[in-house]
Structure formats: C-alpha cells, structure tokens
Amino acid sequence: MTVASGQALNAKLYVVPGSHPSVTARRMLELKGIPYKRVDLMPVISRGVLRGLRFPSNTVPSLSIAGTKLTGSRTIARELDRIVPEPPLYPSEPEPRAAVEEAELWGDETLQAPVRRILWNAIQRNRAVLRSYAEGARLGIPIGLAVKTAAPMVAAARRMNKAGDQAVRADLAALPGWVQRVDDWIHEGVLGADSPNAADLQIAASLRLAMTLDDLRPALEARAAGELALRAIPDFPGHAPPVLPPAWLEPLRQSEPASSAR
Ligand SMILES: N[C@@H](CCC(=O)N[C@@H](CS)C(=O)NCC(=O)O)C(=O)O
C-alpha cells in the first residue's frame, strides 16, 4: 500500500485512553501501515459520542475507514485484513485460521472483561493512576483537571463494568488458569509467531493492561504469555503501584516462578 492510498482510506480510530481492545486496533493499523487519526474519548462519555456519530455500537475501539463505520476489535481485524491483506492477521488455511479465531474469541469474550474489571477496581482505590493511562491523550481538557474531577466517572465505570470486590477477587483467582491457557496456545503454535495474528493482538492487549498493575506484573512477565504480550505490543500506557488487597493476590503468588515471588 502506498502512503497516498493509505491516506485515501481516511482512517479515524476512536479510543478511550488505556482501553486494551483500543490498543489492539491501534497495533493492527500500525502493522498494516495504515495512517490514521486517533480520537481520544473520556470513558463513559464515549458511549454517547459514538452513538451520536452513528457507529454500529457504542464501545471503543470504533473505526471509520474508507467511508465505513466499524465497532469492535474483532470486526475491525477482519475488515483491515480485507482492505490491506499484508501482513495477514489470520492464516489462509482453514484449520489454522479456525484455531486463531477460537483463541481470538476467547481473548475477547473470556479474558478482556475481567482485566477491565480489575483495572477499574484498582483505579477506584487510587484515582491518581488515571493520569498515567491518559498520557499523550487529547481529551479536550487538561489531564490534571480530568483526573481531579474523575470520581463520578470512575464510580460509573466501576458500576457499568460490574467491577465490584467479589467479582474482581474471583477474576484474580481465575487469572493463573487463563495465563496457562495462553502459554499452551503458544506451545501449540496457535500464538506467538514472528508476525502477530489477530489472536496474539487481542490477548496481548489484555495481558499488557494487566501488566501495568504492579500487583499483577510479577505473575505474568516471566511467563511465555507475558513475553508474547511485550513482543506483540511493545508500548502500552499506564502504571498502577500496588493497590489491591494482598489476600486477593494469593492465587497469583502461588503461580509465580519462585525467583519473582514476593
Ligand atoms: N469486546 C469489545 C468491546 C470493547 C469494550 O467494551 N470497550 C470498552 C473500553 S475497554 C468500552 O468502550 N467501554 C465503554 C465505556 O468505557 O463507557 C471489543 O473488543 O471491541
């Protein structure tokens, strides 16, 4: 694709700062070499904006490209592969493609929401971390002001995402099993090739977001899953110092390699 044809696609990506599926879409556009404009939206408020712009749904990532409006990381992946086939996000052979699609669906429907819940629960415990997730974002108001006035938005996001303590504690208990599933897919060759596929990018974004939390990073970074995430998505904004109750993290500590256990 030439730069001129890329510009003719007139791609505009709507994101919420720190949103993991938004980073999946961003990385796909980068890998395809498609120039795009990024529009940063405030969490919660994003819903009304996307509805007003007549996207098919009100979540991020949403993408307008070549006159078409798309919502959803998996929909965006398929359309990008259709418009710009190289490098491919899905294998061409039916069997490997089905395996990648299964892992991608699992990344979207099983892994994505728990990581989102864990983050919102952590943010409600320490709202100051919001600044780091919004680094480089253009939200229309100074980041400092956005963070200072974020309490109602954080409470709404926690409620909307059902990120209460009980749910998050259960998510943390399930996380080691999910990481093992990713390690297994890497071992089987479904994930982890040199050129990331759609499932790599879907799953890596959730793991990268989880790794922005100091509470979770040690249980992930030494694993094949963590290495894959760092390789597939080298840049991911945000950092949260330890904030979750230590008792909730016990299941993760047990799954950590001995050298990184705290
Ligand atoms: N699973 C979908 C949904 C994405 C999703 O729920 N995105 C969140 C942000 S990570 C969102 O837009 N939430 C609405 C809000 O924050 O108001 C995808 O992968 O595209």
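This text follows the structure it describes.
A few points on the structure.

Conventions and cut-offs
One numbering rule holds for all chains: residues counted from 1, following each sequence as written. Local features in this predicted model are restricted to residues whose pLDDT is 70 or higher, and side-chain atom pairs enter the listing and the counts only when it is 80 or higher, whereas totals over whole chains, interfaces and linings include all residues. The side-chain numbers reported here are obtained from all heavy atoms of the structure, hydrogens and water having been left aside. Here a strand is any run of E in DSSP of at least two residues, a helix any run of H or I of at least four, and the numbering for each starts at the N terminus. Within these notes, the globule rule equals 2.2 Å times the number of residues to the 0.38 power, and the radius of gyration is based on C-alpha atoms. Exposure classes here rest on a 1.4 Å probe applied to the protein chains alone. A residue is buried below 20% of its type maximum, exposed above 50%, and partly exposed in between. The contact definition used throughout considers only heavy atoms, calling two residues in contact when any of these lie within 4.5 Å. Note that accessible areas follow from Shrake-Rupley with a 1.4 Å probe, and for residues the cover is restricted to the protein chains shown. Only four residue types enter the charge count: Lys and Arg as positive, Asp and Glu as negative, with His and the chain ends excluded. To locate a charge, take NZ of a lysine, CZ of an arginine, CG of an aspartate or CD of a glutamate. Here the rule is simple: two strands pair whenever DSSP picks up at least two bridges between them. Only the stretch in contact is used when fitting a helix axis, every axis being a line fitted to C-alpha atoms; angles between N-to-C directions are given from 0 to 180 degrees.

Quick look at the overall build of the protein chain
- Scanning the protein chain from terminus to terminus reveals 13 helices and four strands.
- In terms of overall dimensions, the protein chain is globule-like: its C-alpha atoms have a radius of gyration of 18 Å, near the 18 Å expected for 262 residues.
- Each principal axis of the C-alpha atoms in the protein chain carries an extent, and together these give about 55 × 45 × 25 Å.
- A buried classification covers 50% of the 262 residues belonging to the protein chain.
- For the protein chain, contacts bridging at least 24 residues in sequence account for 72% of all contacts bridging at least 6.
- Taken as a whole, the protein chain presents about 12,000 Å² of accessible surface, with 53% of it coming from carbon and sulfur.
- For the protein chain, the separation between the mean place of its 32 positive charges and that of its 27 negative charges on side chains is 12 Å.

A few points about unusual backbone geometry
- Note the cis peptide between V60 and P61, where omega equals 5°.
- E86 connects to P87 through a cis peptide bond whose omega is -15°.
- Along the chain, P87 turns up in the loop between α4 (73-83) and α5 (94-125).
- The phi torsion at R54 lies on the positive side, around 65°, for a residue other than glycine.
- Secondary-structure assignment places R54 in the loop between α3 (45-52) and β3 (62-65).

Some thoughts on the sheet that holds strand β2 (residues 36-40)
- One open sheet holds the four strands; their spatial order is β2-β1-β3-β4, and the pairing between them is mixed. Each edge of the open sheet carries a strand with a single partner, namely β2 and β4 (68-71). Shown here is a sheet whose adjacent strand axes are inclined to one another by a mean of 15°, direction ignored.
- Note: β3 against β4, four bridges, orientation antiparallel. Within the sheet, the bridge partner assigned to L63 lies in β4 and is L70.
- Each of β1 (11-15), β2 and β3 touches helix α2 (residues 20-32); the most contacted strand, β1, lies at about 160° to it.

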